[in-house]
Amino acid sequence: MLIDMRPIREGLIKQLVPDGELGKLTPEQRANLGREINARMMGIAQGIRLSAEELQKRAQDAQKQALAAEKTGAAVPSVTTTSPSGAASTTAVTPKTRTTPRTATTAETPRTQQAPPAPAAPPPPPMTRKTAISGNKLGVIVEQDGKVVREVNAEINMPNVLATVFSTTRRDRGEIPFAIAKDGQLYTQSEADRRTIASLGAVATPDGPATARTGNWIVVTTSDPSGSGLKMGIARPVGDSLNSLRLTAARNAGLGLGLIGLALVGIVPLSGRLTRNVTALSDGVKRIAEGDYSARVPVRSQDEVGRLAKAFNHMAEEVERHHRSAVEQERIKRELELGRLIQFEMLPHAPLRLGLLEVKGVSVPAREVGGDFFNYFELPNHKLALLVGDVSGKGVGAALLMANIQASLRTRLALGQDLSAIANAIDEDVESSSPGPVYATLFVGILDPATRLLQYVNAGHHPQYVVRKNGGLDVMSSTGLPVGLLAGRGYRASEVQLEAGDLLFFYTDGCVETEDAAGEFFGAERLESVLAQRDPARGIDDLLQHVERDVSAFRGSTEQFDDATMMAVTIG
């Protein structure tokens, strides 16, 4: 029998290459396509050959029995069928006995060469594969030693698969190819063919005979040896050779099983790889959900699954980076809150009145915690201590150094030490106990309410002001370097005589270094202009509120980056 394989090859090419794309393939792609199609055709041809050998033997036996029955005119068994009109008829069938077809297990099981026993342990039990087809459902179970080690379920387009097989069947003698599933579903090339095969009765059922002569038809079927329950068959009008029918049916069975086998070859490894990759991705997601942001998955391929693994690893890196950033931001936030609390607790919270003197301070906080401070308190000799300072740096470190400087000043002033000696001692303490280049600007003053004499040391701080009651301004400039900057240079104490009705104004750099939207500083000139326009008789509250309002109006919507600390004293 001659089988035309060209339609099958053309069908495979159409499946692998879209219409119009064949001419666009490179020589290398054409060579790969040819190797793929040749491999598939070899599998189909092998299935045809194995099934043809079995069907050839069965066809020869059936033909001999049919000829012997026709010559002798002997009575033969009959099969009751239903005609298209619905009437029952009895038709003779060949042989008195029917040869039971050999199973695929006996006829088609390949010989295997037994491997020599392993020296350490016996080889593992062999794996067996079972196939089941129900409708469009394809199930494959792989067993080892009676236990299921893998199970794959897939959907195949059975009508399309069988339509490919049926399209290669020659029908020049009126043949009708068909297939019967285990659940009784009948597959044919057309609806007319289905009605014709269905009218043949028992032969068109899963349990029907392998060979039968019904009415004007001779029907031959063959079962799938893998146990899937699929039967391939062909019906031909009476007078045709049973051998030819068997070969055609065998070819169809071989093609159908070959296509199903190709599907299995692709489905089983693919499903195993997908299962492993999906499991790895699932484990990675679980680790990240549990807080292990170092989780990564291996990239084993360059296909969609491999690209998904790369995307997961990139996502995990970004999550880990954002987590570290969030932790660091939270740490900085806690540090700023702690520094702000330390700074706030070290500042005086109420005005102080000493005789006719009144002193009050205010601090406008910024986003970052600085080292600004002001303080005022009565000394044992009934004099008034006035402190204003600014520690370099931000955060908890600056706040702690500010607290340390205030504590040291309070102790030394209470002991009645000279201002120059106090500044020298603070200078040496900051330089010896602070890591790195840390320093502080400092204004320390002692005001005698009785004589209205102010003695002070300005250690690198901005010039502070005396607002005279007649409208003039006196500047209290620096008398030494910032403490801790270049220790040991010494400090000079100065003094200024005040009059009743004068005001003292102290501030830190947050006031004069406030920036507007254009990046320009408020500056000492603007501050002096604001102070010169104020009437000392209005008191310290009016002065502080006016300076704070003017600085805020100059800044506008620009964010404030440093505290603006101010302190004022009215002289009575």
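Values in this document were obtained by computation on a predicted structure and should not be read as measured data.

Trainee: Got a minute to help me understand the overall build of the protein chain in this structure?
Mentor: Helix and strand content of the protein chain: 12 helices and 21 strands. Per-residue burial for the protein chain yields a buried fraction of 41% across its 572 residues. For the protein chain, contacts bridging at least 24 residues in sequence account for 61% of all contacts bridging at least 6. Accessible area for the protein chain stands at about 30600 Å²; split by element, carbon and sulfur atoms hold 54% of it.

Trainee: Explain helix α4 (residues 158–167) to me, please; I cannot follow it from the model alone.
Mentor: For the α-helix, the turn length of 3.6 residues means that residues three or four positions removed from each other point alike. For α4, the full list of buried residues reads Met158, Leu162, Val165 and Phe166. Viewed along the axis of α4, the buried residues span an arc of 95°, placing them on a single side of the element.

Trainee: Just to check I follow, could you spell out the sheet that holds strand β16 (residues 453–459) for this structure?
Mentor: Paired through their backbone hydrogen bonds, the strands of a sheet run either parallel or antiparallel. What the 5 strands build is an open sheet, ordered β13-β14-β15-β16-β19; its pairing is antiparallel. Two strands bound the open sheet, and with one partner strand each, they are β13 (371–378) and β19 (494–497). Strand-to-strand, the axes of this sheet are offset by a mean angle of 15°, without reference to chain direction. Relative to strand β15 (residues 440–448), strand β14 (residues 384–391) runs antiparallel, the two being bridged by 8 bridges. Paired with Ala385 across the bridge in β15 is Ile446. Here helix α9 (residues 419–433) sits on the sheet in contact with β15 and β16, set at roughly 25° to β16.

Trainee: Would you mind showing me how to read the nonpolar core here?
Mentor: Most often, soluble globular proteins have nonpolar side chains that are buried together. The biggest cluster of nonpolar side chains holds 47 residues, and the ones touching the most others in it are Leu386, Ile405, Leu413, Leu447, Met476, Leu504 and Phe506. Sequence-distant contacts of Leu413, defined by excluding residues within four places in its chain, comprise Phe377, Leu379, Ala385, Leu387, Leu419, Ile422, Val444 and Ile446. Core analysis: the next-biggest nonpolar cluster, separate from the first, contains 21 residues, Val512, Leu531, Phe554 and Ala564 among them.

Trainee: Explain the environment of Tyr507 here, please?
Mentor: Here Tyr507 shows up in strand β20 (residues 503–507). Beyond its immediate chain neighbours, meaning those up to four positions away, Tyr507 contacts Val388, His461, His462, Pro463, Gln464, Tyr465, Val512, Leu527, Thr565 and Met566. Engagement of the side chain of Tyr507 in a polar contact is seen with the backbone oxygen of Pro463, the distance being 2.8 Å.

Trainee: Is there a simple way to explain the sheet that holds strand β9 (residues 217–223) in this structure?
Mentor: Taken together, the 5 strands give an open sheet; going across it, the order is β7-β6-β10-β9-β8, and neighbouring strands pair in antiparallel fashion. Only two strands of the sheet have a single partner each, and these edge strands are β7 (186–188) and β8 (211–214). Averaged over all adjacent pairs, the angle separating strand axes in this sheet is 25°, with direction ignored. Of the pairings in the sheet, the one linking β9 to strand β10 (residues 231–237) comprises 7 bridges and is antiparallel in character. Paired with Thr221 across the bridge in β10 is Gly233.

Trainee: Where do I start with the packing of helix α11 (residues 523–532) against helix α12 (residues 540–555) in this structure?
Mentor: A pair of packed helices is captured by two measures, namely the crossing angle of their axes and the spacing between those axes. Contact geometry for α11 and α12: axes closest at 10 Å, N-to-C directions at 140°. Crossing angle aside, the handedness with which α11 passes α12 is right-handed. Residue-level contacts link Arg526, Leu527, Val530 and Leu531 of α11 to Leu543, His546, Val547, Asp550 and Phe554 of α12. For the contact of α11 with α12, the per-class residue count stands at 6 nonpolar, 1 polar and 2 charged.

Trainee: Looking at this structure, how should I read the pairing of strand β6 (residues 176–180)?
Mentor: The element β6 is extensively covered by neighbouring structure, given that 5 of its 5 residues are classed as buried. Burial of β6 is two-sided: the residues Ile176, Phe178 and Ile180 facing one way and the residues Pro177 and Ala179 facing the other way are all buried. In this structure, β6 lies alongside β7, joined through 3 bridges in antiparallel fashion. What sits directly across from Ile180, in β7, is Leu186.

Trainee: How should the pairing of β8 be read in this particular structure?
Mentor: Looking along a regular strand, one sees the side chains alternate between the two faces of the sheet. Both β8 and β9 contribute to a ladder of 4 bridges, which runs antiparallel. Paired with Ala212 across the strands is Val219, a residue of β9. Here β8 hands over to β9 after 2 residues, with Gly215 in that stretch at a positive phi of 60°.

Trainee: So what exactly am I meant to see when it comes to the pattern of salt bridges here?
Mentor: In a structure, side chains of opposite charge can pair up when their charged atoms sit close to one another. A full pass over the atoms with the stated rule returns 14 salt bridges. Notably, a salt bridge pairs Arg194 with Glu191, separated by 2.8 Å at the nearest N-O pair. Of this pair, Arg194 and Glu191 both sit in helix α5 (residues 191–198), 3 residues apart, roughly one helical turn. The class for Glu191 is partly exposed, based on a relative accessible area of 42%.

Trainee: Just to check I follow, could you spell out the confidence of the model for the protein chain for this structure?
Mentor: In low-pLDDT regions, the fine details of the predicted coordinates are not to be read closely. Scored by pLDDT, the protein chain comes out at a mean of 77, with 75% of its residues at no less than 70. Confidence drops under pLDDT 50 across residues 74–115; counting only partners more than four residues distant or on other chains, this segment forms 52 contacts.

Trainee: Is there a simple way to explain α11 in this structure?
Mentor: All buried positions along α11 are accounted for by Gly523, Leu527, Val530 and Leu531. Burial along α11 is one-sided: seen end-on, the buried residues are contained in an arc of 125°. Here the buried face of α11 lies against β17 (464–467), β18 (473–476), β20, α10 (509–512) and α12.

Trainee: Hey, could you run me through the packing of aromatic side chains in this one?
Mentor: Aromatic ring pairs are reported here in terms of the distance separating the ring centres and the angle at which the planes meet. For the structure on display, the rule yields 6 aromatic pairs. Grouping aromatic residues by their ring pairs yields a cluster made of Phe443, Tyr456 and Phe506. The ring of Phe377 has Arg410 lying over it, and the distance from NZ or CZ to the ring centre is 4.1 Å.

Trainee: Could you clarify how one ought to interpret unusual backbone geometry in this entry?
Mentor: Trans peptide bonds make up the majority, and among non-glycine residues the majority have a negative phi. The backbone of His382 sits at a positive phi, close to 65°, despite the residue not being glycine. Tracing the chain through its elements places His382 in the loop between β13 and β14. With phi around 55°, Arg452 is a residue other than glycine that occupies positive phi space. Mapped onto the elements, Arg452 comes out in the loop between β15 and β16. For Arg452, a relative accessible area of 28% puts it in the partly exposed group.

Trainee: Which parts of the structure should I look at to understand the environment of Gly393?
Mentor: Mapped onto the elements of the fold, Gly393 is located in the loop between β14 and α8 (395–414). By relative accessible area, which is 43% here, Gly393 ends up partly exposed. Separated by 22 residues in the primary sequence, Gly393 and Gly371 have C-alpha atoms spaced 7.0 Å apart.

So, how was this worked out
- Residues numbered from 1 in each chain as written.
- Predicted model: local features only at pLDDT ≥ 70, side-chain atom pairs only at ≥ 80, totals over all residues.
- Heavy atoms only, no water.
- Helix = DSSP H or I, 4+ residues; strand = E, 2+ residues; numbered from the N terminus.
- Buried < 20%, exposed > 50% of the residue type's maximum accessible area, 1.4 Å probe, protein only.
- Contact = heavy atoms within 4.5 Å.
- Areas by Shrake-Rupley, 256 points an atom, 1.4 Å probe, with all protein chains shown as cover.
- Arc of directions from axis to C-beta.
- Pairing = 2+ DSSP bridges.
- Axes fitted to C-alpha atoms, helices over the stretch in contact; angles between N-to-C directions.
- Core = buried A, V, L, I, M, F, W, Y, C linked by side-chain atoms within 4.5 Å.
- Polar contact = N/O pair within 3.5 Å; in protein donor to acceptor, adjacent residues only side chain to side chain.
- Left-handed = near helix turned anticlockwise from the far one by under 90°.
- Nonpolar A, V, L, I, M, F, W, Y, C, P; charged D, E, K, R; others polar.
- Salt bridge = Lys/Arg side-chain N within 4 Å of Asp/Glu carboxyl O.
- pLDDT = per-residue confidence, 0-100.
- Phe/Tyr/Trp six-rings, centres within 6.5 Å; stacked < 30°, edge-to-face > 60°.
- Lys NZ or Arg CZ within 6 Å of the ring centre and 35° of its normal.

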